[in-house]
Amino acid sequence: MRHFTAVVKPTSGSSGSESLVPLARALREGGAELEVEYSRSLGHARDLALRAAERGRVVLGVGGDGLAGRVVGALAGTDAVAGIVPAGRGNDFARALGLPEKVADLAEVLLHAEPVKTDAIEVESAVHQRMAVLGSVYAGVDALANRHADAYRALGGAASYYAGGLRAVTTWRPVHYRITIDGTPLERTGYTVVAANSGYYGFGRQIAPGASVRDGVLDVVVIHHASRMLFFSMMNELKTGRHIRRKEVEILHGREVRIEADRELPYGADGEVEAELPVTARVLPEALNLLC
């Protein structure tokens with residue numbers, strides 16, 4: 001019998017607490033024991049996850065990418081077992097793991113799947129000292145779009161991302177980046193730099209189609225400067241990953257990526273706008289034990 005602790009942020013997406021109700025019933029009917037902890041913030045969610053893991057519980061992050069990243073990321077490098085219950089706007093890391101959407105199928109995974117060793121990302125900046133996240137770290141128009149999307153949260157789901165993205169792109173000025181990958185510095189001018197562990201971000205967009213959460217490296221996607229019309233075309237191609245065929249898109253690989261810019265610019269991680277550049281992202285190979 002598995003003993004679960006579900007960490008829920010009540011305001012996450014369509015409501016993590018509401019999404020948990022049918023799953024909780026299915027887990028208990030399957031013979032599991034489940035307790036629920038309600039977080040007041042992402043930092044509090046991290047603390048709840050660590051306390052539950054210390055008690056030998058299987059920790060479930062219930063919510064969107066931000067909450068899942070903070071809850072599950074807190075356990076990076078430990079022997080703790082964790083699972084994700086997607087209940088937010090994007091659910092991109094859950095998508096990368098191939099987690100089922102149906103409650104019965106997800107319950108089956110959580111009840112019976114063996115933990116799988118999965119990579120994470122260590123984020124280091126002036127604000128965050130060695131914080132672990134799951135999906136990606138990105139710095140550019142996408143981080144601004146995510147910030148604006150929060151202002152349009154009432155639109156719900158993909159609509160808030162579209163509205164935020166439109167506002168970010170129409171006011172964008174090209175940024176000159178300095179990208180250091182495994183000690184090698186590169187100079188680029190463009191829209192964004194993404195250090196990706198997962199292939200998905202921004203509500204199902206395939207920013208890095210070749211990325212794997214189990215290969216021990218980060219895919220670094222650089223979208224170079226282009227006209228706004230061409231950029232909008234590339235954004236549309238993110239739905240299928242076809243954007244990587246364009247000459248304006250460069251894909252590199254490395255274990256450690258430092259991103260700097262010639263002006264103040266926010267970076268984001270797992271759907272949350274965290275702080276201003278510079279930021280360093282390092283892959284943490286096989287740092288997580290995930291039910292998937």
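Small disclaimer: the values here were computed from a predicted structure and weren't measured. (Residues numbered from 1 in each chain as written. Predicted model: local features only at pLDDT ≥ 70, side-chain atom pairs only at ≥ 80, totals over all residues. Heavy atoms only, no water.)

Visitor: An account of the packing of aromatic side chains is needed here, citing residue identities and associated values.
Guide: One pass over the full model with this rule turns up three aromatic pairs. Seen from their ring centres, Tyr138 and Tyr201 are 5.4 Å apart, and the 80° between their planes marks the pair as edge-to-face. Here Tyr201 lies in the loop between strand 9 (184–196) and strand 10 (218–224) and Tyr138 lies in strand 7 (residues 136–140), a separation of 63 residues in the sequence. Judged by relative accessible area, which is 9%, Tyr201 ranks as buried. The rings of Trp172, Tyr191 and Phe231 are connected pair by pair, giving a single aromatic cluster. One Lys or Arg, Arg95, reaches over the ring of Tyr200 and ends 5.8 Å from the middle of that ring. Sitting above the plane of the Trp172 ring, Arg263 keeps its charged end 5.2 Å from the centroid. (Phe/Tyr/Trp six-rings, centres within 6.5 Å; stacked < 30°, edge-to-face > 60°. Helix = DSSP H or I, 4+ residues; strand = E, 2+ residues; numbered from the N terminus. Buried < 20%, exposed > 50% of the residue type's maximum accessible area, 1.4 Å probe, protein only. Lys NZ or Arg CZ within 6 Å of the ring centre and 35° of its normal.)

Visitor: Kindly report on the pattern of salt bridges, identifying the contributing residues and their values.
Guide: Enumeration according to the criterion identifies 16 salt bridges in this entry. Two residues, Arg282 and Glu122, come together in a salt bridge whose shortest N-O distance is 2.9 Å. Taken together, the residues Arg282 in strand 15 (residues 279–291) and Glu122 in strand 5 (residues 115–125) connect sequence positions 160 residues apart. In this structure Arg282 comes out as buried when scored by relative accessible area, which is 18%. Connected through shared salt-bridge partners, Glu122, Glu124, Arg130, Glu256 and Arg282 make up one network. (Salt bridge = Lys/Arg side-chain N within 4 Å of Asp/Glu carboxyl O.)

Visitor: Tell me about the nonpolar core, and name the residues and values.
Guide: Counting residues in each nonpolar core, the largest one holds 48 residues, and the members touching the most others are Phe4, Leu23, Leu27, Leu60, Val62, Ile84 and Leu110. Leave out the neighbours within four places in its chain, and Leu110 touches Arg2, Phe4, Leu23, Leu27, Leu60, Gly83, Val85 and Leu291. Of all hydrophobic cores here, the second largest spans 47 residues; its members include Val133, Ala168, Leu265 and Tyr267. (Core = buried A, V, L, I, M, F, W, Y, C linked by side-chain atoms within 4.5 Å. Contact = heavy atoms within 4.5 Å.)

Visitor: Hey, could you go over the side chain of Ser125 for me, with residue numbers and the actual values?
Guide: Within the secondary structure, Ser125 is located in strand 5. There is a polar contact of 2.8 Å between the side chain of Ser125 and the side chain of Tyr267. When neighbours within four sequence positions are excluded, Ser125 is seen to be in contact with Tyr267, Pro278 and Val279. (Polar contact = N/O pair within 3.5 Å; in protein donor to acceptor, adjacent residues only side chain to side chain.)

Visitor: Describe in detail the pairing of strand 9, supporting the description with residues and values.
Guide: Sheet topology places strand 7 next to strand 9; five bridges connect them, and they run antiparallel. Note that in strand 9 the partner of Ala139 across the bridge is Val193. As paired elements, strand 8 (residues 175–181) and strand 9 share seven bridges and run antiparallel to each other. Across the sheet, the residue bridging to Ile181 is Thr184, located in strand 9. What sits between the antiparallel neighbours strand 8 and strand 9 is a turn of two residues, in which Asp182 has the positive phi angle 50°. Sheet analysis places strand 9 next to strand 10, joined by six bridges and oriented antiparallel. In the sheet register, Val193 faces strand 10, and the bridge partner there is Val222. (Pairing = 2+ DSSP bridges.)

Visitor: Break down helix 2 (residues 42–54) for me, with residues and values.
Guide: Over its 13 residues, helix 2 runs 19 Å from end to end, which matches the ideal 18 Å to within 8%, given 1.5 Å per residue. Burial in helix 2 covers these residues: Leu42, His44, Ala45, Leu48, Ala49 and Ala52. Buried residues along helix 2 cover an arc of 150° about the axis, so they all sit on one side. Within two residues after helix 2, Gly56 carries a phi angle of roughly 80°, on the positive side. (Expected span 1.5 Å × (residues − 1). Arc of directions from axis to C-beta.)

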